[in-house]
Amino acid sequence: MSATSPRKVVVTDGDHVADSRVRFLTAEPVVPGRVRGTIVASWQRSRDSSVAADRVKLPYISDPDIDTPLTRSAEPVLRALREQLDGQSVSAILTDPTGLVLSRLTAAHDLERHLDSVLLAPGFSYAEEFVGTNGIGTALEIGGATHVFGHEHYAENLEDLACAGVPIQHPISGRTVGAIDLTCWRRDAGSLLLTLAKATAEQIRQALLSDSGAGQMGLFQEYLRTCRRMTGVVFALNKDVVMLNEYARTVLDPADQAAMLAQATERLTTGHRESVAVDLPTGLAVRMHCRPVRETGQPPGLVVHVKLADPERVGGGRRAATSATGLLPGLVGSAPPWLRACHEVERLFRAGEWLAVDGEPGVGKLAVLKAVQLRRQPVGRLAVFDAAEATADRNWLSTVRHALLEDADNVILRHVDTLDAPRLRGLSSALQAARAGRDRALWVAVTLRQNDQDKNLTALLQLFPSTVEVPPLRLHLEDLQPLVAHFLARLGHGGQLTCSPEAMQLLMRLPWPGNTEQVHQLLRHVVKHRRTGYIVPDDLPPEARAVGRRRLSPLERIERDAIVQSLCDAGGNKAKAARSLEMSRATIYRKIHEYGIVSPTA
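Residues numbered from 1 in each chain as written. Predicted model: local features only at pLDDT ≥ 70, side-chain atom pairs only at ≥ 80, totals over all residues. Heavy atoms only, no water.

## A word on the nonpolar core
Generally speaking, nonpolar side chains in soluble globular proteins are found buried as a group.
Next, step 1: By size, the foremost hydrophobic cluster in this structure holds 52 residues, and its most contacted members are Leu-404, Val-411, Leu-413, Leu-427, Leu-431, Val-444 and Phe-464.
Next, step 2: Apart from residues lying up to four places away in sequence, Leu-404 is in contact with Val-411, Ala-430, Leu-431, Ala-434, Arg-438, Leu-442 and Val-444. (Core = buried A, V, L, I, M, F, W, Y, C linked by side-chain atoms within 4.5 Å. Buried < 20%, exposed > 50% of the residue type's maximum accessible area, 1.4 Å probe, protein only. Contact = heavy atoms within 4.5 Å.)

Here is the structure:
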C-alpha cells in the first residue's frame, strides 16, 4: 500500500447538508439534489429504526471474540497502515459483519479521545440500526463501499468526523466477514479516504486468502469443483474449517445444518467415499454423498453433496420463512406477476444475455438478480456497483471498468438512470470494451426506474437486449404473508414471532408505496419491542392503521399518527379520543375517513 496521505483534497459536506438534515429530522421535505441519495435513504432507515439523532447510545459486548481469521489476517495490514499514516489524525477500525468494533488503531491522541466519547471503540456496535448513518453501518447495510462526511451522519455527535467504510468479503466463499473503516476529522477529510479504505480492504482479503493455508486450499478447490458440478446443498469441512454454500444456509433449518455437520464429522476419520441416508431433526430425509479430501501432511477433509428426498418439504419453519415455492434461494412469493419476473431473469441469465431490470424503488430488483446468480453460478465472482455513488466517488467508473475487463464473472450496475451524460457515455464505452475484449464469459445486468430517457441512457440500454419489469408489491399482494414470515426470520425471530390474523389484515389493506423494502423497515420497527409470540395490531406503527391512497404532507402525517395513538389509548372510543385531542367528534370522524384510519374495536 502506498503511504499517500488521504488529505490532498478537502471534502466538505456543506451548510446545505446540515440544513437538509435539520429539515429531515423535523419532517420537512429535503430539497432534491442537495444530499446524496444513499445518505437520504440511510437517514430514512435510521428514522424507521427509531435511532436517536441527539445522542449515541450503543449496545456493548465486554468480551468480543478478537481471535478470528479476520482479525489475525488484518492485524499486520492495519499495523503497516498505522505506520504509514504516522502523525496523521486517521483511525483504522475493524468490525465484524454485524458492525461490532473489534479493533481500533489511532495515531493521534485527540482523535482517540473523541472516538472514545462517541463510543467508536472495541466492544460497541456501529450497526446502522443503532447509531444511524455512518461509514461502518451504512457500508454493511448497502453491501458496498461508502463514505459519510460531517453532517451526513444521522447522530449529531458524529458531525465533526468523516469516515469511509468498505465491507470485507471472504476470498473463497464471497461472504461478508467484516468491514474496514477509516475515520478522521471532518476538516481533514480528503477525496482519497475512500480509495485508501478500499485498498486496505483488498489487502485484508488477500491476507485472508494467504492465511487459508495449503491444506485448506486443497479442500477449497474440491468444494468449488463440487459447487460447479452440483446444484443444491454442498458443504465441506476439516478439523479447522467449515464451508456451507448459500443455498444450504437459506433453505435448511439451523438444527438440520448442525445434524448434517455432526454426521460428516463422524465420517472424517474413515477416509472412504460413501453415501448415507440421514433423518434430520425437522423430519427432512436426505442422502449425503461424501467425498474425502486427503493431502500428504494435511488434515483430512470431506466434501459433501446432499440430495433431498422430498425437495418440496425443506426444513419446517425455515422453509416457510424462506421460500414459499422453492423458486429461488432467499426469495418468497407465488403470485404470477412475481413468478414471471423471476423466471424471466433466470432464463436470460442461463442464456448469458445481458439485461435491464426495471421497477419502482424497493420492489426487489437486486434481490432477484442476486438470487438467480446464487442458484445458477454460486461460486462466480459477483460485483455490485451503485451508480448513485458515482458523483461522490471520482474513481467509480475506473473501478467498474476494472471489474468488467478483469475481475468479475457477473456484474450488477444499480440505478444507472441516475448517471449524468458523461458517465453514461463512459460506462457504455467500458461495457463495449468488456464485451469485445474479455477472454471468459461476462454477464451484466443493470437496474433502473425508466422515466423519460435521455439519449445517453437510451444508447447504453442498446447493449441490453431485454428488459424485465419487477412488479410493485400492490400487484402481488397475496405474497405479503410469506414475505412477512421471511423478514421475521431474517430479523432473527423466525419461529418465535408470528403475525396475528388481525395484524395481517391491517397490513393487507396498505398500499405499500415503498414495496417490499417498506415491509422490511416496518417489521424492523416492530421487532424492537415485540420479540416473541404474536404481532397484534397495537404493535404496528401508526401508518399501518391508515389506508389513505394520497401522499400526506409532514403535518398531515403527524396529525394522522396522533389520532391513531389517541384511538389506541382510548380503546377505539372516538369520543374519548376526540376529547384528548381537543377536537370535536365531527372533526375526528372526518379525519378518520379522510386518512383512511382503521379504528381499533372499542
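## Comments concerning unusual backbone geometry
Next, step 1: Even without being glycine, Ser-50 reaches a positive phi, approximately 60 degrees.
Next, step 2: As for its placement among the helices and strands, Ser-50 is situated in the loop between helix H2 (37-48) and helix H3 (69-84).
Next, step 3: Its identity as a non-glycine residue notwithstanding, Trp-512 has a phi of 50 degrees, on the positive side.
Next, step 4: Note that Trp-512 resides in the loop between helix H18 (501-508) and helix H19 (515-526).
Next, step 5: Judged by relative accessible area, which is 1%, Trp-512 ranks as buried. (Helix = DSSP H or I, 4+ residues; strand = E, 2+ residues; numbered from the N terminus.)

## Thoughts on the confidence of the model for the protein chain
Next, step 1: Residue-level pLDDT values for the protein chain average 83, and 87% of them are 70 or greater.
Next, step 2: Predicted confidence for residues 1-12 stays below pLDDT 50, and this span has 36 contacts to residues more than four positions away or in other chains. (pLDDT = per-residue confidence, 0-100.)

## Some words on the sheet that holds strand S7 (residues 242-244)
Next, step 1: With respect to topology, 5 strands assemble into an open sheet ordered S7-S6-S10-S9-S8, the strand pairing being antiparallel. Each edge of the sheet is formed by a strand with only one pairing partner; in this case those strands are S7 and strand S8 (274-279). Neighbour to neighbour, the strand axes of the sheet diverge by 20 degrees on average, direction disregarded.
Next, step 2: Looking at chain direction, strand S9 (residues 285-293) and strand S10 (residues 301-308) are connected through 8 bridges and run antiparallel. If you follow Arg-291 over to S10, its bridge partner there is Val-303. (Pairing = 2+ DSSP bridges. Axes fitted to C-alpha atoms, helices over the stretch in contact; angles between N-to-C directions.)

## As for the packing of helix H21 (residues 574-581) against helix H22 (residues 585-595)
Next, step 1: In the contact formed by H21 and H22, the axes pass within 9 Å of each other and the chain directions differ by 105 degrees. Between H21 and H22, the angle falls in the class roughly perpendicular. Contacts from Lys-574, Ala-575, Ala-577, Ala-578 and Leu-581 of H21 reach H22 at Arg-585, Ile-588, Tyr-589 and Ile-592.
Next, step 2: Of the residues assigned to the contact of H21 with H22, the class counts are 7 nonpolar, no polar and 2 charged. (Parallel < 35°, antiparallel > 145°, perpendicular 65-115°, else oblique. Nonpolar A, V, L, I, M, F, W, Y, C, P; charged D, E, K, R; others polar.)

## A word on helix H13 (residues 365-376)
Helical geometry: 3.6 residues make up each α-helical turn, so side chains three or four residues apart lie on a common side.
Next, step 1: Its 12 residues give H13 an end-to-end C-alpha distance of 17 Å, which sits within 8% of 16 Å, the value for a rise of 1.5 Å per residue.
Next, step 2: Among the residues making up H13, those that are buried are Lys-365, Leu-366, Val-368, Leu-369, Ala-371, Val-372, Gln-373 and Leu-374. (Expected span 1.5 Å × (residues − 1).)

## Quick notes on the packing of H3 against helix H7 (residues 193-211)
Next, step 1: Their axes nearest at 9 Å, the elements H3 and H7 cross at an angle of 135 degrees. The pairing of H3 with H7 is recorded here as oblique in orientation. Here H3 and H7 pass one another in a crossing that is right-handed. In this structure, H3 uses Pro-69, Leu-70, Ser-73, Ala-74, Val-77, Leu-78 and Leu-81 to contact H7, whose residues at the interface are Leu-196, Thr-200, Gln-203, Ile-204, Ala-207, Leu-208 and Asp-211.
Next, step 2: Looking at the contact of H3 with H7 residue by residue, the classes come out as 10 nonpolar, 3 polar and 1 charged. (Left-handed = near helix turned anticlockwise from the far one by under 90°.)

## Observations regarding the sheet that holds strand S3 (residues 146-149)
Next, step 1: Spatially, 5 strands are ordered S2-S1-S5-S4-S3 in an open sheet, and the strand pairing comes out antiparallel. This sheet does not close on itself; its edge strands, each paired only once, are strand S2 (101-106) and S3. Each adjacent strand pair in this sheet contributes to an overall mean axis angle of 15 degrees, direction not counted.
Next, step 2: Pairing between strand S1 (residues 90-95) and S2: 5 bridges, direction antiparallel. When the bridges of S2 are listed, Ser-91 appears paired with Thr-106.
Next, step 3: Here H7 sits on the sheet and contacts S1, S3, strand S4 (161-169) and strand S5 (176-185); the angle it forms with S4, its principal contact strand, is near 30 degrees.

## With respect to the pattern of salt bridges
Next, step 1: According to the stated counting rule, one finds 20 salt bridges in the structure shown.
Next, step 2: In this structure, the salt-bridge partner of Glu-222 is Arg-291, at a minimum N-O distance of 3.3 Å. Linking Glu-222 in helix H8 (residues 213-229) with Arg-291 in strand S9, this pair joins segments that are 69 residues apart in sequence.
Next, step 3: What makes Glu-222 buried here is its relative accessible area of 11%.
Next, step 4: For Arg-291, a relative accessible area of 26% corresponds to the partly exposed category.
Next, step 5: A salt bridge links Asp-420 to Arg-423, with the shortest nitrogen-to-oxygen separation between them at 2.7 Å.
Next, step 6: Owing to a relative accessible area of 33%, Asp-420 belongs among the partly exposed residues under this scheme. (Salt bridge = Lys/Arg side-chain N within 4 Å of Asp/Glu carboxyl O.)

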